[in-house]
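Reading the structure
Here is what each chain is made of, one letter per residue.
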Amino acid sequence: LLQEIVKKNKAMSSPLETQSLTLSSLFWKEDIWLPPNMTWEDVKPEPGSNRYTNFGELWYPVPAALVIILVRAHVMRHWFKPLGLYLGIKPSNHKKPPTNEVLEQEFQAMRKDKKFVSDKVLLSAKLGMTERQVDYWLKRRKLYGKPSTMDKFCETGWRCLYYSGAFLYGAWCLWDKAWLWDIKHCWYNYPHHDIERSVWWYYMFELSFYWSLSFSQFFDVRRKDFIEMFIHHLTTIALLSFSWTCNLTRCGALVLIVHDFSDIFLELAKMFHYAKLNTPCDVIFGIFVVAWIFTRLGLFPTWILFSATIEAPQMVEMFPAYYIFNGLLSVLLVLHVIWTYFILKIAFHAVLAKKDEELRDSRSDSEDDTMSESDHDAVLDLNKEDVAVENAGKAGTNGLADANFLIPSTERSKDIVAQDLK
């Protein structure tokens, strides 16, 4: 249809418009997106019918993702924050340390070069501050702007709530579907498949959620595997969009429900960890490891990926978009293997150590980007030193500082400082 429009309007169209239509017709070429000997007319959605998917509906999840971000903020603040306080998690106030240009330059140098060693003796002499006060300032500057344990607890609680709801809805949605019990039904009579309203909503909710994760990842708790998670979100969105466009929603729905199941236990274990409930944390984490391996390295490659790459070609004539679809499934499998390595490494270390330590999954927060619960008490004492450090910074600049005036007088303060620096 686009090619006919181009021919009819070629004479009256501008070169730019003609080029745009030509690129669009090349992108939506039927030989790429559809099985051989099929046209877009053969899979065109009809009003009042639930057969075939509508590509134009894929933009719905983008604004819906913004709504989800607002709902998330409300749930984290009014649901999970009170729950965290009830469980004894302390809210932390990350105040910026007093302005000191010399120490700020030192901090930026340490931030850019991890191997940079600060000369605290020289800084102490230059600013008229004790070495301990220099450590105070640098520690406080490092913690400024970092998420606290409460922040991580609320964010984890939101994801646990979503994954639980998504899995339960998916199980209800697919329970009576033939392709859940016999995956070959994903390929029988393809691409002439109906898209039921329950499956339609399942796709829209999941796409909206992953779009929201892609947006919020840039201001959420910074994680060690930021790049891997961003690739995962984009791959999932591309996979869902490809399966929607090619009417491969049956296989796509199976991928979704397999992925959501293990994530429930991961987020729940992290919530227990942040609340320092170690016994239930260990139990749930063990369940998560089993569920992860069973679904991500068991069901996904041997059931879904095997059927898509081995069984499907025996029933469906292959086409380029289908190879892209399988390629995206393979990318997910590679990410699963990488994360499984880190998960097993953590589990193995926890078993050998046999002591309480920070339990972090392969997608947990790095120490440089978070503030631990032990740091909280130290920060309370840092607040008491702010005025003294600020005065020291100003006096040191003018060469009038009195170091003896700035030394804390209590033994308790010394113990806290020593513990904090350790």
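Use the structure listed above.
Within every chain, residues take consecutive numbers counted from 1 along the sequence as written. Owing to the predicted nature of the model, reporting of local features is limited to residues with pLDDT of at least 70; listing and counting of side-chain atom pairs is limited to 80 or more, with chain, interface and lining totals taken over all residues. The side-chain values count all of the structure's non-hydrogen atoms but skip hydrogen atoms and water molecules.

1. A look at the overall build of the chain
Where we set the bar: Helix and strand definitions follow DSSP, with helices as H or I runs of at least four residues and strands as E runs of at least two, each counted in order from the N terminus. Here the term buried applies to any residue with accessible area under 20% of the maximum for its type, exposed to any over 50%, and partly exposed to those in between, with areas from a 1.4 Å probe on protein chains only. Contacts are residue-level and defined by heavy atoms, with any inter-residue pair within 4.5 Å sufficient. Working definition of accessibility: Shrake-Rupley area with a 1.4 Å probe, residue cover restricted to the visible protein chains.
Secondary structure summary: the chain contains 16 helices and zero strands in total. Counting over 422 residues, the chain shows a buried share of 48%. Long-range pairs, those at least 24 residues apart, make up 80% of the contacts in the chain with a sequence separation of at least 6. Carbon and sulfur atoms provide 62% of the accessible area of the chain, an area that totals close to 22700 Å².

2. With respect to the pattern of salt bridges
Put simply, the rule is: Definition used for salt bridges: Asp or Glu carboxyl oxygen within 4 Å of a side-chain nitrogen of Lys or Arg.
Under the criterion given, the structure shown has seven salt bridges. Taking the shortest distance from any N to any O, the salt bridge between arginine 159 and glutamate 267 comes out at 3.2 Å. With arginine 159 in helix H8 (residues 149-174) and glutamate 267 in helix H12 (residues 249-274), the pair connects residues that are 108 residues apart, well separated along the chain. When sorted by exposure, arginine 159 lands in the same class as glutamate 267, which is buried.

3. Looking at a nonpolar patch on the surface
Put simply, the test is: Patches in this entry comprise residues that are over 30% relatively accessible and not in a salt bridge; like charges within 9 Å are linked, as are nonpolar side chains (Val, Leu, Ile, Met, Phe, Trp, Tyr) within 5 Å.
Nonpolar side chains collect at one region of the surface, where Leu83, Tyr86, Leu87 and Leu277 lie side by side and expose about 390 Å² of accessible area between them. As for its position among the elements, leucine 83 is in helix H4 (residues 61-86).

4. Remarks on the packing of helix H5 (residues 101-112) against helix H7 (residues 131-143)
As a reminder of what qualifies: Geometry is summarised by axes, namely lines fitted to C-alpha atoms with helices restricted to the contacting stretch, and by angles between N-to-C directions that run from 0 to 180 degrees. Note that the term roughly parallel is reserved for angles under 35 degrees, roughly antiparallel for angles over 145, roughly perpendicular for angles of 65 to 115, and oblique for everything else. By the definition used in this description, the sense in which the near helix is turned from the far one sets the handedness, with an anticlockwise turn below a right angle giving left-handed and a clockwise turn giving right-handed. Residues are grouped as follows: nonpolar covers Ala, Val, Leu, Ile, Met, Phe, Trp, Tyr, Cys and Pro; charged covers Asp, Glu, Lys and Arg; every other residue, Gly included, is treated as polar.
Direction vectors running N to C along H5 and H7 enclose 60 degrees, while the axes themselves pass 10 Å from each other. By the angle between their directions, the pair H5 and H7 is classed as oblique. In this structure, H5 meets H7 at a crossing whose hand is right-handed. Residues Leu103, Glu104, Phe107, Gln108 and Met110 of H5 lie in contact with H7, whose contacting residues are Val134, Trp137, Leu138, Arg141 and Lys142. For the contact of H5 with H7, the class distribution of residues is six nonpolar, one polar and three charged.

5. A closer look at the environment of histidine 273
On the secondary structure map, histidine 273 appears in helix H12. Separated by twelve residues in the primary sequence, histidine 273 and phenylalanine 285 have C-alpha atoms spaced 9.7 Å apart.

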